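# Chains, contacts and geometry: an overview
These are the residues of each chain, in order.
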Amino acid sequence: MSQPASTAKPIILTGDRPTGPLHLGHFVGSLRNRVSYQDDYQQFIMLADSQALTDNMEDTNKVHRNVVEVALDYMACGIDPAKSTILIQSQIPELAELTFYYLNMVTVARLERNPTVKQEIVLRGFERDIPAGFLTYPASQAADISAFKATVVPVGEDQIPMIEQTNEIVRKFNRLANKEILVECKAVVPEVGRLPGIDGKAKMSKSLGNVINLGASAAEITAAVKMVYTDPLHLKVADPGHLEGNVAFIYLDAFDTEKASLQEMKDHYVRGGLGDSIVKKRLEAVLQDMLAPIRARREELAKDKGYIMQVLKEGTMRAREVAARTTDEVKAALGLNYF
């Protein structure tokens with residue numbers, strides 16, 4: 001298998017928690033961007049299985065069985081292992097070692113103040129029963145990013161505080177070392193933000209069951225589009241419609257490439273005289289056309305899971321070499337290089 005060539009390109013780190021198949025929200029928020037990034041960046045894509053265990057310790061099987069499933073989604077969408085390094089977080093022990101060192105440079109109070117952590121604690125209903133691994137995720141993410149000396153990290157708007165805390169840890173470590181060993185990174189927020197679920201909820205989420213998976217069958221796409229939330233005030237075809245919060249049009253904005261005719265449809269809908277069924281018919285056609293080749297590639301790749309595991313093994317080995325070099329530098333700066 002060919003390997004990504006050594007390059008002076010900027011380094012980018014991105015990835016996902018392997019807790020289920022990837023869906024349209026992942027595609028619009030990250031996957032299609034990663035396909036374009038791999039030609040201009042040295043890209044590391046992490047299957048964050050260790051991090052996924054911080055709130056899935058009661059069902060570890062859900063995490064490890066989805067490692068291959070998410071890798072299939074990556075490659076079906078066009079991520080090329082000859083251009084991007086796909087790695088498994090848990091198989092790089094240096095990341096856990098760096099996390100341990102970084103935890104000594106951040107307080108519990110600072111972790112609890114992190115807006116992203118606070119929001120996720122509320123969403124998961126942890127209250128004070130917070131798994132320690134979950135609370136310390138900002139240090140773990142700092143380890144992931146700094147191990148590869150990534151300067152660019154694509155994230156959603158809600159993840160920006162995590163990047164800010166990574167840079168705090170990087171600056172603190174460099175001051176301690178009295179030299180620039182680690183590098184700061186920049187958050188890059190995709191142009192199209194987080195997609196709402198098909199039910200109109202703020203977030204498309206596997207746990208909420210309001211997603212359209214990338215590997216969805218044609219019948220599943222049809223069924224999901226029928227359930228897509230539109231305008232509850234648009235009771236009759238003649239009624240003027242509203243675009244704000246209308247999931248059908250949000251999805252069309254994200255995926256329909258025929259922008260001129262889409263604008264005409266929007267204008268017609270707002271004037272009145274255009275039924276939701278016509279809008280959904282267009283949305284279904286767009287999604288069927290977009291997802292059919294992804295589904296076909298995924299099905300073909302799934303026939304040889306041994307190949308997928310080999311891709312993951314080779315990518316992880318390459319990534320570990322990089323992380324090990326950074327860890328050696330960190331340990332030397334801390335005086336932990338005894339032999």
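Everything here concerns the structure above.
Residues numbered from 1 in each chain as written. Predicted model: local features only at pLDDT ≥ 70, side-chain atom pairs only at ≥ 80, totals over all residues. Heavy atoms only, no water.

This part takes up the overall build of the protein chain. Across its full length, the protein chain carries 14 helices and 5 strands. The globule rule puts the C-alpha radius of gyration for 339 residues at 20 Å, and the 22 Å found for the protein chain is close to it. Per-residue burial for the protein chain yields a buried fraction of 49% across its 339 residues. Taking the intrachain contacts of the protein chain between residues at least 6 apart in sequence as the baseline, contacts between residues at least 24 apart amount to 78%. Taking the average location of the 40 positive side-chain charges in the protein chain and that of its 44 negative ones, the two points are 1 Å from each other. (Helix = DSSP H or I, 4+ residues; strand = E, 2+ residues; numbered from the N terminus. Rg over C-alpha atoms; globule rule 2.2 N^0.38 Å. Buried < 20%, exposed > 50% of the residue type's maximum accessible area, 1.4 Å probe, protein only. Contact = heavy atoms within 4.5 Å. Lys, Arg positive; Asp, Glu negative; His and termini not counted. Charge placed at Lys NZ, Arg CZ, Asp CG, Glu CD.)

Where helix H4 (residues 93–102) is concerned, the buried positions are Glu94, Leu95, Leu98, Thr99, Tyr101 and Tyr102. Angularly, the buried residues of H4 cover 160° about the axis, an arc narrow enough to put them on a single face. Within H4, the exposed residues directed more than 90 degrees away from the buried face are Ala96 and Phe100. (Arc of directions from axis to C-beta.)

Below, the discussion takes up the nonpolar core. Membership of the largest hydrophobic core comes to 52 residues, with the highest contact counts inside it found for Leu24, Leu47, Tyr74, Ile212, Leu214, Phe255 and Leu287. Ignoring anything within four residues of it in the chain, the contact list for Leu47 reads Asp16, Pro18, Val67, Val70, Ala71, Tyr74, Ile86, Leu87, Ile88, Gln89 and Leu312. Among the nonpolar cores identified, the runner-up in size contains 33 residues, and Ala48, Ala147, Leu182 and Val322 belong to it. (Core = buried A, V, L, I, M, F, W, Y, C linked by side-chain atoms within 4.5 Å.)

The subject of this paragraph is the packing of helix H12 (residues 259–271) against helix H13 (residues 276–301). Packed helix pairs are characterised by how far apart their axes lie and by the angle those axes make with each other. One can describe the packing of H12 onto H13 by two numbers: an axis separation of 11 Å at closest approach and a directional angle of 160°. Comparing their axes, H13 and H12 come out roughly antiparallel. Where H12 crosses over H13, the two elements pack in a sense that is left-handed. Counting all contacts with H12, which are made through Ser261, Leu262, Met265 and Tyr269, the residues of H13 involved are Asp276, Ile278, Val279 and Arg282. Residues belonging to the contact of H12 with H13 are distributed by class as follows: 5 nonpolar, 1 polar and 2 charged. (Axes fitted to C-alpha atoms, helices over the stretch in contact; angles between N-to-C directions. Parallel < 35°, antiparallel > 145°, perpendicular 65-115°, else oblique. Left-handed = near helix turned anticlockwise from the far one by under 90°. Nonpolar A, V, L, I, M, F, W, Y, C, P; charged D, E, K, R; others polar.)

Take the packing of aromatic side chains next. Applying the stated criterion to the full structure yields 7 aromatic pairs. Summarising the aromatic geometry, the rings of Tyr37 and Tyr41 are spaced 5.5 Å apart at their centres and angled 80° between planes, so their arrangement reads as edge-to-face. Tyr37 sits in the buried class, given a relative accessible area of 15%. Aromatic pair Phe44 and Phe148: ring centres 4.7 Å apart, planes at 25°, arrangement stacked. On the criterion of sequence distance, the pair formed by Phe44 in strand S2 (residues 42–47) and Phe148 in the loop between helix H8 (137–147) and strand S4 (152–154) is long-range, its members being 104 residues apart. Considered together, Phe44 and Phe148 belong to a single accessibility category, that of buried residues. (Phe/Tyr/Trp six-rings, centres within 6.5 Å; stacked < 30°, edge-to-face > 60°.)

The next subject is the side chain of Gln165. Within the secondary structure layout, Gln165 lies in helix H9 (residues 160–177). The residues contacting Gln165, other than those within four sequence positions of it, are Val106, Arg110, Leu111, Asn114 and Pro138.

Right, let's get into the side chain of Thr230. With respect to the helices and strands, the residue Thr230 is situated in the loop between helix H10 (218–226) and helix H11 (247–255). Here Asp276 takes part through its side chain, which lies 3.1 Å from a polar atom of the side chain of Thr230. Excluding residues that lie within four positions of it along the chain, Thr230 makes contacts with Gly245, Asn246, Ala248, Tyr269, Asp276 and Lys280. (Polar contact = N/O pair within 3.5 Å; in protein donor to acceptor, adjacent residues only side chain to side chain.)

The next subject is the pairing of strand S1 (residues 11–16). In the case of a regular strand, side chains alternate between the two sheet surfaces. In terms of burial, S1 is largely enclosed, as 5 of its 6 residues are buried. Inspection of the sheet shows S1 paired to S2 by 6 bridges, in the parallel sense. Bridging from a neighbouring strand, Asp16 pairs with Leu47 of S2. (Pairing = 2+ DSSP bridges.)

So, on to the environment of Met227. Within the secondary structure layout, Met227 lies in the loop between H10 and H11. Spatially, the C-alpha atoms of Met227 and Ala248 are 9.9 Å apart, while their sequence positions differ by 21 residues.

With a phi close to 50°, Lys149 is a non-glycine residue in the positive phi region. Considering the arrangement of structural elements, one finds Lys149 in the loop between H8 and S4. The phi dihedral of Asn178 falls on the positive side, at around 60°, and the residue is not glycine. Tracing the backbone shows Asn178 in the loop between H9 and strand S5 (186–188). Looking at Asn178, the relative accessible area reads 70%, which means it is exposed.

With that settled, the discussion passes to the environment of Ser30. Structurally, Ser30 can be placed in helix H1 (residues 24–37). Remark: the alpha-carbon pair of Ser30 and Leu87, spanning 57 residues in sequence, is separated by 17 Å.

Among the secondary structure elements, Gly197 is positioned in the loop between S5 and H10. Spatially, the C-alpha atoms of Gly197 and Leu24 are 9.5 Å apart, while their sequence positions differ by 173 residues. Filtering out sequence-adjacent residues up to four positions away, Gly197 remains in contact with Lys203, Met204, Asn210, Val247 and Tyr251.

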